[in-house]
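Report on the structure
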Amino acid sequence: LAEALLEQAMIGPSPNPLILSYLKYAISSQMVSYSTVLTAISKFDDFSRDLCVQSLLEIMDMFCDRLSCHGKAEECIGLCRALMSALNWLLRCAAFYADKVKETLEQVAAESQLKMCLERLEKMLGSAKNRALIHIAKLEETSSWSAVEQSLVKLGESLNSLSNSPLRSQADDCISLIKSIPTMLSVHSEQLNKTGFPTVHAVVLLEGTMNLTGETQPLVEQLMMVKRMQRIPSPLFVLEIWKACFVGLIESPEGTEELKWTAFTFLKIPQVLVKLKKYPQGEKDFTEDVNCAFEFLLKLTPLLDKADQRCNCDCTSLLLQECSKQGLLSEANMTNLITKRTADREHAPRLKSAENANIQPNPGLILRAEPTVTNILKTMDADHSKSPEGLLGVLGHMLSGKSLDLLLAAAAATGKLKSFARKFIKLEIPKVFVSPPSAKAASVRALLFDISFLMLCHVAQTYGSEVILSESSPAGEVPFFETWMLTCMPEEGKILNPDHPCFRPDSTKVESLVALLNNSSEMKLVQMKWHEACLSISAAILEILNAWENSVLTFESIQKITDNIKGKVCSMAVCAVAWLVAHVRMLGLDEREKSLQMIRQLATPLYGENTLQFYNERVVIMSSILEHMCADVLQQTATQIKFPSTGMDTIPYWNLLPPKKPIKEVLTSVFTKVLEKGWVDSRSIHIFDTLLHMGGVYWFCNNLVKELLKETRKEHTLRAVELLYAIFCLDMQQLTLTLLGHILPNLLTDSSKWHTLMDPPGKALAKLSVWCALSSYSSHNKGQASARQKKRHREDIEDYISLFPLDDTQPSKLMRLLSSNEEDANILSSPNRSMSSSLSASQLHTVSMRDPLNRVLANLFLLISSILGAKTAGTHTQFVQWFMEECVDCLEQGSRGSILQFMPFTMVSELVKVSTMSSPKIVLAITDLSLPLGRRVAAKAIAAL
């Protein structure tokens, strides 16, 4: 109808007023739809008839600023298309008149016509709703959009000759508005009113204290995630990373931990920044941001001075040089910064020179250790079967002083620790030596075995056993050390069974070993097969203990036996104590005496004449290994064993929990302290980790959420969220599952708890949930669980499959929760519940629902959708709204497959009814526009706004 009327009206040079009035009446009484009118107008292309064009523009005026459509989705999509063709028509019209302005005769008339066109363009593009509809049309029909782009180019060319500047600038505004349509979702503002970002700080501290050996990529991605979610400006982001490193340097416990931190700061973080540099930074140059961050850092003089004092060197300058080497800083900037810092250091408090002299600066040592690691790896690759003495020299040199820890820290920070460990394991495999074995060759062989065994134990204790385990060894041959470590080595939280078959090898070997230990005053090195001896020693010790218990052996002979065990190779003593530790745990209080005495005997080093080479160095490592092994048992049996103080540090971060306090009180008090301070320190991180182990995921998450909901001040709740997110990084996957799968559904479905979701704390909880969901989802899709999280055994999470069943035939637990307070319960849980109510983009993308995280997210969105559609509203409805707003805020643009794909399509129309969510931009953000169905849902929701 619209098309026929227009065609009739436009026959002559000027339009027919009667027929036009019919058309206007038809539009006003809604006999014809807006889309048919727009389409009809865009077919008119004889622009030379000014009056006709003018009347068409007037018709557009009737409705262009308040387009709407309440019909089916198809009609709404039709409106999008019509709007885009009308846009193209206006552009062509403007270009035509802009060309005409050049002709002097018609200049004035053409200018006024052009002005009219541009006004209509401005009016049309001025509403975000129209731009959103065009955005949908652009995705729906790319060919028409390229036509629009061509018209834009043409208009731009025609405008070049325009002298009239108001028209020119008006036209440029319109053009830039059109160009902004494809990117209308990716504009995010950065936070500018804050300078401290506790989440970045805590994530860096957590990695430095607990995950030095981890790969850098997951860390980089996690940091980028935080930067994006909290919209942190680049320079402040880099500054926060450096601040955390310096705090770590200052507060790390002495010894290994201090070296680990130094390696983390000087070797690993520059690598992390190199990877961050590769991310798109916008138009800014990343090296500028790094320079800017250092400028800020130099203002924190007390922090830098304290770090310098602790490390006894100019840390900042070393860091600057390291960054410059990695291409993160230009030469000029580096020299400028170093000069500033040197001038600043003149006024720093100095240690007395005597104290200073004996502190070797760790940063320098670590930076030198790094190339050494590479050299040692090369040396160990060479073939040493002919003359193993050279290799022994290298290893012996590694053992002295703190060089072993330095080298291990440097290897860990640069990701070489695993290959380091593999090389030692290769040494363990007994090679066939040239016969007849001479005494010298035998002692070298014994030493190589011993040193590599001790080093591997030390690595496993300092950096976690997963560093040593190989992915899969060829031909199913598991190296001796791996088998021993998995089955026989005591670690924190690992309970061993002393009667396990791995401690019961072939009895003849055991008997000969017992005889050997008992009779000979001197161990014969030549006949020994060391790995066999190490496996048999546990059974031998059991025999010897029984003999001693039954007074067959005297204390003197026991002394002689223990001297024999620890006299030549320390690894046998380590194996013996490992078994004794497991054994003591199983004994009653009165039966422990002799076993503990035996541990004491084995732990005291033997200072005889004929010990093998490097004995003192080996004893130092042995003592530290034994101390770690026995720590738990000694605490449980309240025994003291004096380990020879060997210059090795005591166990860092061990035994942190106060003895008589319930763990819930510990959790709340530590969290309160952290919240007051505003940042997490490494000691608290370790306490949280221990509590997470002890209480389990649900307990941990539930109690921390309760703490969050107690907060009532806005700035406190925000800080609490930033800190909690960082604490949840201890085990993000499991904690997210618990938070979204158990804790939120309980809060949202139990009306007695709704009052806890009031503004500041409720809004904060929504923020925390979205952050956790986003980071778990993104890291989970890349399959990155850190080794630290893999080694946790989880028994406390219910089977998600029974919690949220897949097929709709059995109503899931969640649906039953919902139906308990819903009038239309029978609709929700009826077996033939129509799919439409829960169809979401994720099903169209066929995301696997066997995965717990996907399942939990899908169910959470079903719950949210039912809350929005419910007849009663309350704080829980408000919570859902905050949750969705935060989702929109944190969205990474163009990420198909973010957590919003689990949202049922029907929810969009519910959300639009909520006042704060009823903006076209939000509808575009929450629907998956890559799917035709998603575009229809969005068009329908926006057209009805």
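Residues numbered from 1 in each chain as written. Predicted model: local features only at pLDDT ≥ 70, side-chain atom pairs only at ≥ 80, totals over all residues. Heavy atoms only, no water.

**Here's the deal with the overall build of the protein**
A count of helical and extended segments in the protein gives 46 helices and zero strands. Scored against the burial criterion, the 945 residues of the protein give a buried share of 55%. Pairs at least 24 apart in sequence give 79% of the contacts found in the protein among residues at least 6 apart. (Helix = DSSP H or I, 4+ residues; strand = E, 2+ residues; numbered from the N terminus. Buried < 20%, exposed > 50% of the residue type's maximum accessible area, 1.4 Å probe, protein only. Contact = heavy atoms within 4.5 Å.)

**Description of the pattern of salt bridges**
As enumerated under the stated definition, the model contains 32 salt bridges in all. Notably, a salt bridge pairs Glu 141 with Arg 81, separated by 2.9 Å at the nearest N-O pair. Remark: Arg 81 occurs in helix H5 (residues 73–100) and Glu 141 occurs in the loop between helix H7 (128–140) and helix H8 (142–159); sequence separation between them is 60 residues. For Glu 141, a relative accessible area of 26% corresponds to the partly exposed category. Using a relative accessible area of 34% as the deciding quantity, one classes Arg 81 as partly exposed. Put simply, Glu 119 and Arg 120 hold a salt bridge, and the shortest N to O gap is 3.8 Å. Of the residues examined, Glu 119 reaches a relative accessible area of 35% and is grouped as partly exposed. Where salt bridges share partners, they join Glu 74, Arg 81, Glu 140, Glu 141, Arg 935 and Arg 936 into one cluster. (Salt bridge = Lys/Arg side-chain N within 4 Å of Asp/Glu carboxyl O.)

**Remarks on the packing of aromatic side chains**
Aromatic ring pairs are described here by two measures, namely the spacing of the ring centres and the angle between the planes. Inspection of every chain in the model, using the stated rule, returns 16 aromatic pairs. Summarising the aromatic geometry, the rings of Tyr 34 and Phe 63 are spaced 4.8 Å apart at their centres and angled 20° between planes, so their arrangement reads as stacked. Residue Tyr 34 is found in helix H3 (residues 34–42), and its partner Phe 63 is found in the loop between helix H4 (50–61) and H5; the two are separated by 29 residues along the sequence. Taking relative accessible area as the criterion, Tyr 34 reaches 13% and is therefore assigned buried. Taking the centre distance of 5.5 Å and the plane angle of 85° together, the rings of Phe 420 and Phe 424 count as edge-to-face. Of this pair, Phe 420 and Phe 424 both sit in helix H22 (residues 417–428), four residues apart, which is roughly one turn of that helix. Its relative accessible area of 1% is what places Phe 420 among the buried residues. Grouping aromatic residues by their ring pairs yields a cluster made of Phe 47, Trp 89, Phe 96 and Tyr 97. Seen from the ring of Trp 548, Lys 594 lies directly overhead, with NZ or CZ sitting 5.6 Å from the centre. When the ring centre of Trp 679 is taken as reference, the NZ or CZ atom of Lys 677 above it lies at 4.8 Å. (Phe/Tyr/Trp six-rings, centres within 6.5 Å; stacked < 30°, edge-to-face > 60°. Lys NZ or Arg CZ within 6 Å of the ring centre and 35° of its normal.)

**Concerning the side chain of Thr 199**
On the secondary structure map, Thr 199 appears in helix H10 (residues 198–210). Leave out the neighbours within four places in its chain, and Thr 199 touches Val 226, Gln 230, Glu 722, Tyr 725 and Ala 726.

**Details of the confidence of the model for the protein**
Summing up the model confidence of the protein, the mean pLDDT is 80 and the portion of residues at 70 or higher is 85%. Per-residue pLDDT, averaged within each element of the protein, yields its smallest value for helix H40 (residues 825–829) (36) and its largest for helix H33 (residues 697–710) (94). Within the model, pLDDT remains below 50 along residues 805–835, and this stretch shows 43 contacts once partners closer than five positions in the same chain are excluded. (pLDDT = per-residue confidence, 0-100.)

**Comments concerning the nonpolar core**
Buried together is how nonpolar side chains tend to be arranged in soluble globular proteins. One finds Trp 484, Phe 700, Phe 728 and Leu 765 to be the most contacted residues of the largest nonpolar core, which totals 332 residues. The biggest single contributor to this core is H5, with 17 residues. Setting aside anything within four residues of it in sequence, one finds Trp 484 in contact with Phe 453, Cys 457, Met 489, Leu 535, Val 574, Cys 575, Ala 578 and Met 629. (Core = buried A, V, L, I, M, F, W, Y, C linked by side-chain atoms within 4.5 Å.)

**What about a nonpolar patch on the surface?**
Side chains of Leu 1, Tyr 25 and Met 31 sit close together on the surface and give an oily, nonpolar patch of about 390 Å² of accessible area. Locating Tyr 25 in the fold gives a position in helix H2 (residues 17–28). (Patch = residues over 30% accessible without salt bridge, like charges linked within 9 Å, V, L, I, M, F, W, Y side chains within 5 Å. Areas by Shrake-Rupley, 256 points an atom, 1.4 Å probe, with all protein chains shown as cover.)

**Let's talk about the packing of H8 against helix H9 (residues 165–180)**
Packing of H8 against H9 leaves a shortest axis separation of 11 Å and a crossing angle of 160°. Judged by the inter-axis angle, H8 sits roughly antiparallel to H9. For the pair H8 and H9, the crossing hand works out as left-handed. Note on element contacts: H9 touches H8 through Arg 168, Ala 171, Asp 172, Ile 175, Ile 178 and Lys 179, opposite Trp 145, Val 148, Leu 152, Leu 155 and Leu 159. Of the residues contributing to the contact of H8 with H9, the split by class is eight nonpolar, no polar and three charged. (Axes fitted to C-alpha atoms, helices over the stretch in contact; angles between N-to-C directions. Parallel < 35°, antiparallel > 145°, perpendicular 65-115°, else oblique. Left-handed = near helix turned anticlockwise from the far one by under 90°. Nonpolar A, V, L, I, M, F, W, Y, C, P; charged D, E, K, R; others polar.)

**What about helix H15 (residues 301–311)?**
An α-helix turns once every 3.6 residues. As a result, residues three or four positions apart point the same way. Within H15, the full set of buried residues consists of Leu 303, Leu 304, Asp 305, Ala 307, Asp 308 and Cys 311. In this fold, the buried residues of H15 make contact with helix H12 (234–251), helix H14 (286–298), helix H16 (315–325), helix H17 (331–345) and helix H19 (362–381). Where H15 terminates, the next one or two residues include Asn 312, which has phi positive at roughly 60°.

**Observations concerning empty space enclosed by the protein**
The full count for this structure, using the stated rule, is three cavities of 30 Å³ or more. By volume, the second largest cavity amounts to about 40 Å³. Around the second largest cavity, the lining residues are Met 60, Asp 61, Cys 64, Leu 90, Arg 120, Lys 123 and Met 124. For the lining of the second largest cavity, the elements supplying multiple residues, two or more each, are H4 and helix H6 (107–126). (1 Å grid on protein atoms, 1.4 Å probe; cavity = no way out; pocket = protein on both sides within 12 Å on 5 of 7 lines; lining within 4 Å. Points joined across faces, edges and corners; volume = space filled by probe spheres on them.)

**Quick look at the environment of Arg 719**
Structurally, Arg 719 is set in helix H34 (residues 714–728). Distance in space between the C-alpha atoms of Arg 719 and Glu 676 is 9.5 Å, their sequence separation being 43 residues. When sequence neighbours within four positions are dropped, the list of residues in contact with Arg 719 reads Leu 675, Glu 676 and Gly 678. Of note is the side chain of Arg 719, whose polar atom sits 3.5 Å from the backbone oxygen of Glu 676. (Polar contact = N/O pair within 3.5 Å; in protein donor to acceptor, adjacent residues only side chain to side chain.)

**Structural notes on the environment of Ala 460**
On the secondary structure map, Ala 460 appears in helix H23 (residues 439–463). Owing to a relative accessible area of 2%, Ala 460 belongs among the buried residues under this scheme. It is 9.7 Å that separates the C-alpha atoms of Ala 460 and Met 489, two residues lying 29 residues apart in sequence. Once residues within four sequence positions are removed from consideration, Ala 460 is found in contact with Ser 465, Ile 468, Met 485 and Met 489.

**With respect to the side chain of Asn 362**
Summarising the element assignment, Asn 362 is placed in helix H19. By relative accessible area, Asn 362 is classed as buried at 5%. Engagement of the side chain of Asn 362 in a polar contact is seen with the side chain of Glu 258, the distance being 3.2 Å. Look past the residues within four positions of Asn 362 in its chain and what remains in contact with it is Glu 258, Leu 259, Thr 262, Cys 311 and Lys 402.

**So, helix H43 (residues 875–890)**
Compared with an ideal rise of 1.5 Å per residue, which puts 16 residues at 22 Å, H43 spans 22 Å between its outermost C-alpha atoms and is within 8% of the ideal. Residues of H43 that are buried: His 876, Thr 877, Phe 879, Val 880, Gln 881, Trp 882, Phe 883, Met 884, Glu 886, Cys 887, Val 888 and Cys 890. (Expected span 1.5 Å × (residues − 1).)

**What about unusual backbone geometry?**
A positive phi is found at Gln 30, a non-glycine position, where the angle reads about 60°. Turning to its location among the elements, Gln 30 is positioned in the loop between H2 and H3. Among the residues examined, Gln 30 registers a relative accessible area of 59% and is labelled exposed. In the Ramachandran plot, Asn 312 falls in the positive-phi region, its phi being about 60° despite a non-glycine side chain. Its location among the elements puts Asn 312 in the loop between H15 and H16.

**Focus on the packing of helix H29 (residues 593–603) against helix H30 (residues 615–637)**
Two elements in contact, H29 and H30, have axes whose closest approach is 11 Å; the angle formed by their N-to-C orientations is 160°. Taken together, H29 and H30 sit at an angle that is classed as roughly antiparallel. Two packed elements cross with a definite hand, and for H29 against H30 that hand is left-handed. Along its contact with H29, which presents Leu 596, Ile 599, Leu 602 and Ala 603, the element H30 presents Met 622, Leu 626, Cys 630, Leu 634 and Thr 637. Each residue belonging to the contact of H29 with H30 can be placed in one class, and the counts come to eight nonpolar, one polar and no charged.

**Some remarks on the environment of Pro 745**
Looking at the element boundaries, Pro 745 is found in helix H35 (residues 732–749). Residues Pro 745 and Asn 859, spaced 114 residues apart in sequence, show a C-alpha to C-alpha distance of 9.2 Å.

**What about the state of the cysteines?**
By definition, a disulfide links the sulfur atoms of two cysteines through a covalent bond. According to the stated counting rule, one finds zero disulfides in the structure shown. Cysteine Cys 245 shares no disulfide, and the gap to the nearest cysteine sulfur, in Cys 323, comes to 9.8 Å. No disulfide involves Cys 534; its sulfur sits 3.8 Å from the nearest other cysteine sulfur, which is in Cys 575. Residue class for Cys 534 comes out buried when judged on its relative accessible area of 2%. (Disulfide = S-S within 2.5 Å.)

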